[in-house]
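Examination of the molecular architecture
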Number of protein chains: 4
Amino acid sequence: MMPEPPPPNARRSIGAQRNPASAEAILSAAEALLSEEGYGGFSIEKVARRARAGKPTIYKWWPSKAALLLDVYQRQKSIEMPDTGRLEDDIIQFIDAILTHWRETPAGTIFRSVVAEAQSDETAGAALSDFATEREADTGFLIWRGLERREVRDDIRPAEAARWIVAYLWYRLLTGQLAAPGMTRADVRILVGGLERRP
Amino acid sequence: MMPEPPPPNARRSIGAQRNPASAEAILSAAEALLSEEGYGGFSIEKVARRARAGKPTIYKWWPSKAALLLDVYQRQKSIEMPDTGRLEDDIIQFIDAILTHWRETPAGTIFRSVVAEAQSDETAGAALSDFATEREADTGFLIWRGLERREVRDDIRPAEAARWIVAYLWYRLLTGQLAAPGMTRADVRILVGGLERRP
Amino acid sequence: MMPEPPPPNARRSIGAQRNPASAEAILSAAEALLSEEGYGGFSIEKVARRARAGKPTIYKWWPSKAALLLDVYQRQKSIEMPDTGRLEDDIIQFIDAILTHWRETPAGTIFRSVVAEAQSDETAGAALSDFATEREADTGFLIWRGLERREVRDDIRPAEAARWIVAYLWYRLLTGQLAAPGMTRADVRILVGGLERRP
Amino acid sequence: MMPEPPPPNARRSIGAQRNPASAEAILSAAEALLSEEGYGGFSIEKVARRARAGKPTIYKWWPSKAALLLDVYQRQKSIEMPDTGRLEDDIIQFIDAILTHWRETPAGTIFRSVVAEAQSDETAGAALSDFATEREADTGFLIWRGLERREVRDDIRPAEAARWIVAYLWYRLLTGQLAAPGMTRADVRILVGGLERRP
DNA sequence: TATTAAGCGAGACGGTACGTCTCGTCTTAGA
DNA sequence: TCTAAGACGAGACGTACCGTCTCGCTTAATA
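Just so we're clear, the structure is a prediction, and the values are computed from it rather than from any experiment. (Residues numbered from 1 in each chain as written. Chains lettered and ligands numbered in written order. Predicted model: local features only at pLDDT ≥ 70, side-chain atom pairs only at ≥ 80, totals over all residues. Heavy atoms only, no water.)

Considering the interface of chain B and chain A
Much of the literature gives interface size as the accessible area that the parts lose upon coming together. As a reminder of what qualifies: The contact criterion used is simple: two residues touch if any of their non-hydrogen atoms lie within 4.5 Å. Note on terms: buried area is the combined drop in 1.4 Å-probe accessible area of two parts once they are placed together, counting the loss on both. For this document, the term salt bridge refers to a Lys or Arg side-chain nitrogen within 4 Å of an Asp or Glu carboxyl oxygen. We define a polar contact as two N or O atoms separated by no more than 3.5 Å, with the added condition that, inside protein, one atom must be a possible hydrogen donor and the other a possible acceptor, whereas residues neighbouring each other in sequence contribute only through side-chain atom pairs. Per the convention used, a helix needs a DSSP run of H or I reaching at least four residues, while a strand needs a run of E reaching at least two, with both numbered from the N terminus.
Tallying the contact residues gives 49 residues for chain B and 49 residues for chain A. The largest contributions to the chain B side of the interface with chain A come from Trp164(B), Leu195(B) and Arg197(B), which together make up 19% of the buried area. The salt bridge partner of Asp187(B) is Arg163(A), with a shortest N-O separation of 2.6 Å. The tally of links from chain B across to chain A stands at 12 residue pairs in polar contact (both at pLDDT 80 or more). Mapped onto the side of chain B that touches chain A, the elements with two or more residues apiece are helix H5 (87-104), helix H6 (107-118), helix H7 (122-148), helix H8 (158-174) and helix H9 (183-193) of chain B.

Following this line, the structure appears as structure tokens:
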């Protein structure tokens, strides 16, 4: 009935300050859980069990499932921008690198979870919206470099153009089309070349 | 101990066949619930209560939450294809019509729910993937008409081009950017005209 | 979507230990429910509702309906052994006291429920069997005192003789013959005096 | 969606009259179900499935689970009264014969189910009470023959004395003490000889 | 050096929802 | 008119999580 003393090797409080080992254990457990069971099998309860952490400890630092998911996603390593010297190839390589990353690491599952969570949690929704804007800006660098190289039309604004790329990436993820070799090249040709017949 | 007989005006069995009134009541209740409380407040339990239906009746016909959500979404009325005589305006009007539809009817919330559900339910995932392909084909009609009118480059394949449009629509929905007047026009200009500097 | 916090006056956790107030509320609710609706109207669901307790709280401490019923029965106050100085009167008074107790308090309904439950639940079956043995031993005290007083034949073993009394009590309960004044006296005469014609 | 035609070998209506084959199939299915799964696994639903009968057909002829259980019990073959020429042996043999019957055929399980059902169903309760009275009368025959043989005290009334025997039998059944060789002999000695020390 | 204050694990708590089972009623289609 | 079939509203089953609360311990910062 009385609480057992914890096993001697357990993490304990380190005083009136956050224990980084706990935060680390929780994030790792969440990541592992997501990659093993996906969003459907993800719960704070399981994370706590796996991390040997108390639920209130989790809620204290991440007030919602969404917050924890976002933190887990932020931990994933980011993708380097390719530099082939040619816009079209840059975009293709960038897209394929991200799709591969999503396919071969937990990152894809984690991000799908964030998107799902954002549909029912307003905080996550706002965070996702901000994140999207940020991705547009980052990705805009590819376009900006194309402008520098005078490959891209002068009236193109990098972030707006990048919006198409980000949307396309999410769409591939959410529809489960992460692995479709060749698809990217054809699709990117359309975006880069436009739809209009040239005079 | 004995189950109460239902009130005399309740829906009853109409024999060894599905009662369409129940199906209707369930779908309506689900739609109303989604539009009032969103995906987060959606549960089979609440749908059953609201529809005055038994849970087993729901599970009998829609084996998962995803199946019910998809059926609710299919009930939404579809959008007519605009025909302005000009590809760019067709696309802009089409996108804005859908965004408006999503913003002003429950359809947006419902579809966000379907997407969320698809991230944890494999069946819904497959259905969403199929649905996406279907939308690409439908939307491809706009491009095809542009080909007919010789507005569009000969080497463009309608469904592939349409994929960009569908992805863009989903992205606007999922990031909560349903109402951004003017945004669509600028973005579509990029897709239609392409990124490349003309020689 | 978010679970409502319980009303401020509700029972809450008192830490990582069982809250006796909850246990008490649950047992009381179960007892009240049984006495009002009988075994047929008894369900864990109703007990939880009535006790304002969560179902999992009940299942945590009483893993089956049978366990809860047995605990509720154990809470009933026990009957004092009469001491009239004469075996036959002791037995009659004992039997009538128990029948009255069963008739005028929830105890009778509760014990009938335990017996019923024991017919489909193995745990309850074993518990009932143990309980019966215990009752035989307890009731044997009446016989033992008769032996002490040299009223009872030397070769009688108290618990065996008491088995007849316990069986008789259960039979009266299960056949709904709790109130039949005079019946007990005649029946007990048979047990005490035996069937055999004396030489 | 439309109901399948039944398999060609199914029992069908034989017109505007009760089909005895259905009644038989239902009773057999109920008996088999009880003996295989016990009272806990017994349900009208399963009986109907097993008998390939419609639930309304069952409810039409047996208005409650209790009624069906009682009918199933009545179908069991009855036990012959032993005639050893000596009261005590008659009673021992009678008791052991019934316990053996209950132990080795479905009859024991069925009767336990009837008793359990009688604790929540008033109809079954009344039927069980009547049944008990009937058993007392039947069993009284043993005592009556003892009277005839002048083995039994003149003031003993057969049905009352038999009540002890019936109670004892039920008790052995309900506490799961069907198989305890030797127990019966010692216990019956007490009943027959009485508790009182002879002067 | 002693006290306080926060963090920590553990886990109980009131709840909601899950997906399944059975209840007893009802209607149909077919013989 | 009776049958098999099965849909129906109702509601209980036992389990998983939710987010909150309290406990008893541990430790760093403060007094």
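Structure shown, so let's carry the discussion forward.
Section: the pattern of salt bridges
Counted only if it meets this: Only protein chains enter the accessibility calculation, which uses a 1.4 Å probe; a residue is then buried when its area is under 20% of its type maximum, exposed when over 50%, and partly exposed in between.
Tallied over the entire structure, the rule returns 76 salt bridges over all chains. Across the pair Glu31(C) and Arg75(C) runs a salt bridge, and its minimum N-O distance is 3.2 Å. Of this pair, Glu31(C) sits in helix H1 (residues 20-37) while Arg75(C) sits in helix H4 (residues 65-75); the two residues are 44 residues apart in sequence, bridging distant segments of the chain. Given a relative accessible area of 19%, Glu31(C) falls into the buried group. Glu45(D) is the salt-bridge partner of Lys55(D), the closest N and O atoms lying 3.3 Å from each other. Of this pair, Lys55(D) sits in helix H3 (residues 55-61) while Glu45(D) is found in helix H2 (residues 44-51), placing the two residues 10 residues apart along the sequence. One network of salt bridges, in which partners are shared, links Asp83(A), Asp90(A), Arg145(A), Arg149(A) and Glu151(A).

Focus: the relation of the copies chain B and chain A
As a reminder of what qualifies: Each copy is superposed on the other by least squares, with the fit set by C-alpha atoms of residues at a pLDDT of at least 70 in both.
Expressed as a screw transformation, the operator carrying chain B onto chain A has a rotation angle of 180° and an axial translation of 0.0 Å, and the superposed copies differ by an RMSD of 0.1 Å. In short, the pair behaves as if placed about a two-fold rotation axis. Taking the C-alpha atom as reference, chain B places Gly194(B) closest to the rotation axis, 1.5 Å from it. In this assembly the copies share their binding face: 100% of the residues contributing to the interface of chain B also contribute to that of chain A.

What to know about the environment of Lys46(A)
Residues and elements named next belong to chain A. Along the chain, Lys 46 falls in helix H2 (residues 44-51). Classification of Lys 46 as partly exposed rests on a relative accessible area of 29%. Measuring from C-alpha to C-alpha, the distance between Lys 46 and Leu 33 comes to 7.9 Å, with 13 residues separating the pair along the chain. Beyond its immediate sequence surroundings of up to four residues, Lys 46 is in contact with Leu 33, Glu 37 and Gly 41. Only 3.0 Å separates the side chain of Lys 46 from the side chain of Glu 37, close enough to count as a polar contact.

Brief notes about the domain arrangement of chain A
Residue and element names in this part refer to chain A. Defined as follows: How far each domain reaches was decided by an automatic or database domain assignment. The residue classification treats Ala, Val, Leu, Ile, Met, Phe, Trp, Tyr, Cys and Pro as nonpolar and Asp, Glu, Lys and Arg as charged. All others, Gly included, are polar.
In terms of domain boundaries, chain A breaks down into domain 1 (20-61) and domain 2 (75-193). Spacing between the C-alpha centres of domain 1 and domain 2 amounts to 28 Å. With eight residues of domain 1 in contact, the opposing surface of domain 2 contributes eight residues. Scanning the region where domain 1 abuts domain 2 turns up two salt bridges. At the surface where domain 1 touches domain 2, the tally comes to four residue pairs in polar contact (both at pLDDT 80 or more). Residues of the side of domain 1 that touches domain 2, tallied by class, amount to three nonpolar, three polar and two charged.

As for the protein's contact with DNA strand E
How we decide: Here, proximity means that at least one heavy atom of the residue falls within 4 Å of the molecule or strand.
Near DNA strand E there are 61 residues, and of these Lys60(A), Pro56(B), Tyr59(B), Lys60(C) and Pro56(D) occur at the shortest range. Close to the protein, within 4 Å, the atoms of DNA strand E belong to sugar or phosphate groups at a rate of 68%. The side chain of Thr57(C) places a nitrogen or oxygen atom 3.2 Å from a phosphate oxygen of DNA strand E. A distance of 2.5 Å separates a phosphate oxygen of DNA strand E from a polar side-chain atom of Tyr59(D). When contributions to the surface near DNA strand E are tallied by element, the ones reaching two or more residues are helix H3 (55-61) of chain A, helix H2 (44-51) and helix H3 (55-61) of chain B, helix H3 (55-61) of chain C together with H2 and H3 of chain D. Tallied by class, residues from the surface near DNA strand E come to 19 nonpolar, 20 polar and 22 charged.

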